[in-house]
Amino acid sequence: MAAHLSYGRVNLNVLREAVRRELREFLDKCAGSKAIVWDEYLTGPFGLIAQYSLLKEHEVEKMFTLKGSRLPAADVKNIIFFVRPRLELMDIIAENVLSEDRRGPARDFHILFVPRRSLLCEQRLKDLGVLGSFIHREEYSLDLIPFDGDLLSMESESAFKECYLESDQTSLYHAAKGLMTLQALYGTIPQIFGKGECARQVANMMIRMKREFTGSQNSIFPVFDNLLLLDRNVDLLTPLATQLTYEGLIDEIYGIQNSYVKLPPEKFTPKKQGDGGKDLPTEAKKLQLNSAEELYAEIRDKNFNAVGSVLSKRAKVISAAFEERHNAKTVGEIKQFVSQLPHMQAARGSLANHTSIAELIKDVTTSEDFFDKLTVEQEFMSGIDTDKVNNYIEDCIAQKHPLIKVLRLVCLQSVCNSGLKPKVLDYYKREILQTYGYEHILTLYNLEKAGLLRPQTGGRNNYPTIRKTLRLWMDDVNEQNPTDISYVYSGYAPLSVRLAQLLSRPGWRSIEEVLRILPGPHFEERQPLPTGLQKKRQPGENRVTLIFFLGGVTYAEIAALRFLSQLEDGGTEYVIATTKLMNGTTWIESLMEKPI
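Just so we're clear, the structure is a prediction, and the values are computed from it rather than from any experiment.

Topic: the overall build of the protein
A count of helices and strands for the protein gives 22 helices and 15 strands. The C-alpha atoms of the protein give 26 Å as radius of gyration, which agrees with the globular expectation for 596 residues (25 Å, within 12%). In terms of overall dimensions, the protein has a C-alpha envelope of 75 × 70 × 65 Å along the principal axes. Within the span of the protein, comprising 596 residues, buried residues form 53% of the whole. Summarising the internal contacts of the protein: among those between residues at least 6 apart in sequence, 79% fall at separations of at least 24. Side chains of the protein give 74 positive and 77 negative charges; the mean places of these two sets differ by 3 Å.

See the structure below:
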């Protein structure tokens, strides 16, 4: 059992166990020794639901990464390909299978598509003459992966691009399937709210799927009270700004992949005297980040400026605990101290790691450039000088700062001004193409199509209305002991989370005007429950809302929702689901056209 998945109101271990069971059943169909050939992108998500020990129990002896030409030698009966349904991967698989056939003794081949089988892929395998080689061709519906006790992700890296640029609804279908799986395990969700075109489509798919399964009545008592479906393009602003929570900054600076982060090793080596700094490790330090670690659970969602005081308090507590050993006089006291030792040593190791990470982050956040960039972002978000060419952005382009940094800032200015004046937009585009190369013209086109970098239409800037009505900018933010969600960006309250907060209390009727300005329809659907399953809420018991971000979510938004869940008079606890955990950099990267 993964203990950190069951601390919340919703025990996400139930979902993890269900997907593990499905995996075990498939492995047992392929009797005998096995080698798994992995589509490399899947190894991270799979690591969150099944460690190597589980695979080993089911006779998995070897694991390889999917690469062209021949497979490495393996004395096994079965070779199983775990892959996403991508045509380019089918070509590599065919190459592998044909080279194995030439090699000698016959093997049994199997293929497991994650999360869906694809007729196109099977046709490609048929055209390449290898489809008949596979004994089992199945799908493994790993739609939503539990990351933490209140967090699920599909880890579909191209979902936003597919939905908003290519009008491809595949990831929306997977989202709807994932939600149906959740309802099968946790009961029908009585109320569905949504905002945005994709949200409307997912809700429609869910209603259609439910109609198709009318025969089987769901008799599980509902765990969730509400589902809120939110399109990413309803709030394009939030991911572009620099996150200022501890976890958000780790992701901004180093990138968190499937709950792991790789960090520069020098800060993590104990310094010995007289060493002269020789033999420094060269391999990155890899750490897992989730709420199973007590200290990380406490500091992950805090504004970075509030982390230092927590770490120093924790250091005092730990050193006092170790001092206790001098007071242990009797055998019983010594025995008690020794029994606590492993926990204390783990706490000391955890403190050392997070102190090192905080030092690494502080080196970045105290730099002049970080401060200048943050100042410009905060001016845009509070509505200052959004309608003219910005000097800092000009300087960044002239000094050839990383292109993604420039694009994030230009897009942020565009979103905070409901589009840029044509003259300003053309100036930025010209400067970017002349400095970084004309091959980026397709990227600029993609950003415009996604609504991130566009000309202002109708000559009207709606952002000030949205900002004032939803209180998106707060001047007096208490970063140490926050009273409002705006602490996650030191002043800016994420629009997406404000919508969730207002839905909970007093309801969206109070902001009808703003909802009409924001893109896409807003709607409400009810799913009738059989008699006897209606929930009678106890006095003081919070509602549980599942909020699904279609197109991605940032760690700062997750922190803001956790803050709302912990409010004493909040009335709602949130479980967060998304197509992808992301930040502004990975988001813009997903929209960039790779040079051919």
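What to know about the packing of aromatic side chains
Inspection of the entire model under this criterion finds 15 aromatic pairs. Between the aromatic rings of Phe160 and Trp587, the centroid separation amounts to 5.2 Å while the plane-to-plane angle is 80°, which identifies the pairing as edge-to-face. Here Phe160, found in helix 6 (residues 159–164), pairs with Trp587, found in helix 22 (residues 584–591); they are 427 residues apart in sequence, far enough to count as distant. Each residue in the set Trp38, Phe46, Phe82 and Tyr140 is aromatic and connected to the rest through ring pairs, giving one cluster. One Lys or Arg, Arg200, reaches over the ring of Phe523 and ends 4.1 Å from the middle of that ring. Lys286 extends its terminal NZ or CZ atom over the ring of Tyr260, reaching a point 4.8 Å from the ring centre.

Regarding helix 19 (residues 495–504)
Counting buried positions over the 10 residues of helix 19 gives 9, a clear majority of the element. What helix 19 keeps buried is the set Leu495, Ser496, Val497, Arg498, Leu499, Ala500, Leu502, Leu503 and Ser504.

Quick word on the nonpolar core
The biggest cluster of nonpolar side chains holds 167 residues, and the ones touching the most others in it are Phe46, Phe82, Leu229, Leu452, Leu499 and Phe548. Apart from residues lying up to four places away in sequence, Leu229 is in contact with Leu179, Ile192, Phe193, Gly194, Lys195, Ala199, Val202, Ala203, Phe523, Phe548 and Leu550.

Description of the environment of Ile189
Tracing the sequence through the fold places Ile189 in the loop between helix 7 (170–186) and strand 8 (191–195). Since its relative accessible area comes to 2%, Ile189 is described here as buried. Distance from Ile189 to Leu249, taken between C-alpha atoms, is 34 Å for residues 60 residues apart in sequence. Filtering out sequence-adjacent residues up to four positions away, Ile189 remains in contact with Gln183, Phe224, Asp225, Asn226, Leu227, Gln527 and Leu546.

Thoughts on the pairing of strand 6 (residues 145–148)
Two elements, strand 6 and strand 7 (residues 151–153), share 3 bridges in a ladder whose sense is antiparallel. Residue pairing for strand 7: Asp148 is matched across the bridge by Leu151. The antiparallel pairing of strand 6 with strand 7 creates a hairpin that spans 2 residues between the two strands.

Scoring rules and cut-offs
- Residues numbered from 1 in each chain as written.
- Predicted model: local features only at pLDDT ≥ 70, side-chain atom pairs only at ≥ 80, totals over all residues.
- Heavy atoms only, no water.
- Helix = DSSP H or I, 4+ residues; strand = E, 2+ residues; numbered from the N terminus.
- Rg over C-alpha atoms; globule rule 2.2 N^0.38 Å.
- Buried < 20%, exposed > 50% of the residue type's maximum accessible area, 1.4 Å probe, protein only.
- Contact = heavy atoms within 4.5 Å.
- Lys, Arg positive; Asp, Glu negative; His and termini not counted.
- Charge placed at Lys NZ, Arg CZ, Asp CG, Glu CD.
- Phe/Tyr/Trp six-rings, centres within 6.5 Å; stacked < 30°, edge-to-face > 60°.
- Lys NZ or Arg CZ within 6 Å of the ring centre and 35° of its normal.
- Core = buried A, V, L, I, M, F, W, Y, C linked by side-chain atoms within 4.5 Å.
- Pairing = 2+ DSSP bridges.

Taken by themselves, the reported measurements are silent on function.
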